[in-house]
Amino acid sequence: MNKVELKKQNELIALFERQKFAELIPLCEKFVKTFKKNAVGWNLLALSHKNLGNLNKAISLFLGLLRENPNNSVLLTNLGNIYKSVGRLQDALGCYKKAVENDPKLTNAVDALGICYMDLGDYENALSSFEQATELEPDNLSARYNFANIYRKMGRYEEAVEQFELTDLHNAKSHQLECIYLLGKEELFREKCHQLESMGKLDPLIGCVTKHAEIRYDTPLKNPFCSNPLDYIVTTKLSAEDGLTQDLIDKIIAHHKGNLNDYKSQALLKNGKQSSGNLFLLQHGFIRTLENTLRNKVEDYRRKFLSHDQGFIKKWPDRYFLYGWMVSMISGGSLDAHIHKEGWLSGSLYFNVPKKAGSQDGNIGFSLHGANYPTDEKNYPGKVVEVEKGDLCMFPSSTFHYTVPFESDQERISFAFDVMPVK
């Protein structure tokens, strides 16, 4: 590489690091016309398209690059990341496996492989990958977080607590708090609660476990997220005037049933399927229409409670994106109580709800208990909300929610989403 090419390449890298993606694309296009074999320039061009949401263009560019460089582990990993983001888990897995085979010491590829295994429900292979990633790079916070998280998912809470102590990435400390709670270490739990409060930590998991502990331990605990989440459940009916037409519903259901992507492993879901990846990343007009409709309703929700003294309202994220997925169930279907730990506000829009054989069949339930938390035989309040086609139910992401089991010849189909803070 000559000095001119190297200089221009470094200028492009500097722009990428400053996240100037729109500015970068024409400069990269000009650069690769002059330096056609420069893989870095092509890679930056593809990644810029990815970061601007032009995923089909990014995939096309990476596939072209890999035809010229079939064993480039960085390119394989980048392509795998896009496949994973749109729910093509098996395609992503193939990319990550090949990347690791070609370069077993590429930590990002090994870590990404573990995440993909985790999404597919293969916890043993995920654990092996994360262990390898942390051995390769002990100070890699992402690998360390994922290593701790797989221990948590496997119920190996002591080991999870140890690993979460080594990273502050994402919601590592709130996950650690939950693991300590599940281990029954009340004194340490209280100590960690005070630590998180002094650090100004705020997320749904802290809110959830704190509220549960307040009832279990029969003692007041400061809840930084939402002290009474059952009071913040809002259900509204959407119509064609809001943007929810039958044509829109039909297109989204057809996409889901077409199984264009892989379904995500979901242990809590019985007799049902959950799409993987973020559906809002797909470049379809009907997805954009739905996103605009939901964003308007999210802002209506925020304005409704604007004067309330709750952490999730007072510290509403300045920037957020929507993460959405489909859930369909057949007769005998249900979804166990859970929260959305990565979200802020959660919602569920109902495209089809079977006629109810029982008074609550197929409805959405809410509770201050779930996830096999220890109860100590205390009473945890909850309620069931009746839902029908066209209903949108929104609630703080710290709220345990579940689907009441139902028996019907009809499918129950919903679109779930989270408001996700941009970190």
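The next point concerns the overall build of the chain. Looking only at helices and strands, one finds 16 helices and nine strands in the chain. A compact globule built from 423 residues should have a C-alpha radius of gyration of about 22 Å, and the chain, at 23 Å, falls within 12% of that. Along the three orthogonal principal directions, the C-alpha set of the chain runs to about 70 × 55 × 40 Å. Scored against the burial criterion, the 423 residues of the chain give a buried share of 52%. Taking all contacts inside the chain whose residues are at least 6 apart in sequence as the whole, residues at least 24 apart take part in 70%. With an accessible surface of roughly 19800 Å², the chain has 48% of that area assigned to carbon and sulfur atoms. The positive charge centre, built from 52 side chains, and the negative charge centre, built from 53, are 7 Å apart in the chain.

We now examine the environment of Met329. Along the polypeptide, Met329 turns up in strand S3 (residues 320-338). On the basis of relative accessible area, Met329 is assigned to the buried category, the value being 1%. Separated by 25 residues in sequence, Met329 and Pro354 place their C-alpha atoms 10 Å apart. Here Met329 is in contact with Leu269, Asn271, Gly272, Ser334, Leu335, Thr403, Phe406, Gln410, Glu411 and Arg412, once residues within four sequence places are set aside.

As a further point, take the side chain of Asp111. Summarising the element assignment, Asp111 is placed in helix H7 (residues 107-119). We note that Asp111 is buried and unpaired, the nearest opposite charge coming from Arg144 at a distance of 10.0 Å. With sequence-adjacent residues up to four places away left out, Asp111 is seen in contact with Phe130, Ala133, Ser142, Ala143 and Asn146.

What follows deals with the packing of helix H1 (residues 3-17) against helix H3 (residues 39-51). When two helices pack together, you describe them by how their axes are tilted relative to each other and by the distance separating the axes. Between H1 and H3, the shortest axis-to-axis distance is 10 Å and the interhelical angle comes to 20 degrees. Comparing their axes, H3 and H1 come out roughly parallel. The crossing of H1 and H3 is left-handed. Listed contacts from H3 to Gln9, Leu12, Ile13 and Phe16 of H1 are Val40, Leu44, Leu47, Ser48 and Asn51. Among the residues making up the contact of H1 with H3, the classes are represented as six nonpolar, three polar and no charged.

Turning to the packing of aromatic side chains, a few remarks are in order. Using the criterion set out here, one finds 19 aromatic pairs in the structure. Between the aromatic rings of Phe147 and Tyr151, the centroid separation amounts to 5.0 Å while the plane-to-plane angle is 35 degrees, which identifies the pairing as tilted. You can see Phe147 and its partner Tyr151 sitting in helix H9 (residues 141-153), four residues apart, about one turn around the helix. Like Phe147, the residue Tyr151 is buried in the burial classification. The cationic tip of Arg216 hangs over the ring face of Tyr181; the distance from NZ or CZ to the ring centre is 4.9 Å.

Our next topic: the confidence of the model for the chain. Residues at a pLDDT of 70 or more form 98% of the chain, whose mean pLDDT is 92. When mean pLDDT is compared element by element in the chain, strand S7 (residues 391-396) scores highest at 98, while H1 scores lowest at 88.

Bringing the pattern of salt bridges into the picture now. Under the criterion given, the structure shown has 24 salt bridges. Between Glu178 and Lys341 there is a salt bridge, and its shortest N-O distance comes to 3.0 Å. With Glu178 in helix H11 (residues 172-182) and Lys341 in the loop between S3 and strand S4 (345-352), the pair connects residues that are 163 residues apart, well separated along the chain. Accessibility classification places Glu178 together with Lys341 in one group, the buried group. Ionic contacts of the salt-bridge type, sharing partners, join the residues Asp242, Lys297, Asp300 and Arg303 into one network.

On to the state of the cysteines, then. The final tally for this structure, using the stated rule, is zero disulfides. Counting only cysteine sulfurs, Cys208 is the nearest neighbor of Cys193, a cysteine outside any disulfide, at a range of 12 Å. Among the residues examined, Cys193 registers a relative accessible area of 15% and is labelled buried. The thiol sulfur of Cys393 is not disulfide-bonded, and the nearest other cysteine sulfur, from Cys226, lies at 14 Å. Judged by relative accessible area, which is 0%, Cys393 ranks as buried.

Among the nonpolar cores identified, the biggest contains 108 residues, and Phe189, Tyr301, Phe312, Phe351 and Phe415 are the most heavily contacted of them. Contacts of Phe312, omitting those with residues within four sequence positions, involve Phe225, Cys226, Tyr232, Tyr301, Trp344, Leu345 and Pro396. Grouped together as the second largest cluster of nonpolar side chains are 13 residues, Val353, Ile364, Val385 and Val387 included.

With that out of the way, let us pick up helix H8 (residues 123-136). The first and last C-alpha atoms of H8 sit 20 Å apart over 14 residues, in line with the 20 Å expected at 1.5 Å per residue. Elements in contact with the buried residues of H8: H7 and H9.

This paragraph deals with unusual backbone geometry. Unlike most non-glycine residues, Gln19 shows phi in positive territory, near 60 degrees. Mapped onto the fold, Gln19 is located in the loop between H1 and helix H2 (21-34). Here the phi dihedral of His170 falls at roughly 50 degrees; this positive angle occurs in a residue that is not glycine. Tracing the backbone shows His170 in the loop between helix H10 (157-164) and H11. On the basis of relative accessibility, which here comes to 45%, the residue His170 falls in the partly exposed class.

Turning to the pairing of S4, a few remarks are in order. With seven of its eight residues buried, S4 lies for the most part within the structure. Where S4 meets S7, five bridges bridge the pair, whose relative direction is antiparallel. Bridged to Ser348 within S7 is Cys393. Looking at chain direction, S4 and strand S9 (residues 412-421) are connected through seven bridges and run antiparallel. Residue Leu349 lies in a different strand from S9, and its bridge partner there is Phe415.

Conventions we followed
Residues numbered from 1 in each chain as written. Predicted model: local features only at pLDDT ≥ 70, side-chain atom pairs only at ≥ 80, totals over all residues. Heavy atoms only, no water. Helix = DSSP H or I, 4+ residues; strand = E, 2+ residues; numbered from the N terminus. Rg over C-alpha atoms; globule rule 2.2 N^0.38 Å. Buried < 20%, exposed > 50% of the residue type's maximum accessible area, 1.4 Å probe, protein only. Contact = heavy atoms within 4.5 Å. Areas by Shrake-Rupley, 256 points an atom, 1.4 Å probe, with all protein chains shown as cover. Lys, Arg positive; Asp, Glu negative; His and termini not counted. Charge placed at Lys NZ, Arg CZ, Asp CG, Glu CD. Salt bridge = Lys/Arg side-chain N within 4 Å of Asp/Glu carboxyl O. Axes fitted to C-alpha atoms, helices over the stretch in contact; angles between N-to-C directions. Parallel < 35°, antiparallel > 145°, perpendicular 65-115°, else oblique. Left-handed = near helix turned anticlockwise from the far one by under 90°. Nonpolar A, V, L, I, M, F, W, Y, C, P; charged D, E, K, R; others polar. Phe/Tyr/Trp six-rings, centres within 6.5 Å; stacked < 30°, edge-to-face > 60°. Lys NZ or Arg CZ within 6 Å of the ring centre and 35° of its normal. pLDDT = per-residue confidence, 0-100. Disulfide = S-S within 2.5 Å. Core = buried A, V, L, I, M, F, W, Y, C linked by side-chain atoms within 4.5 Å. Expected span 1.5 Å × (residues − 1). Pairing = 2+ DSSP bridges.

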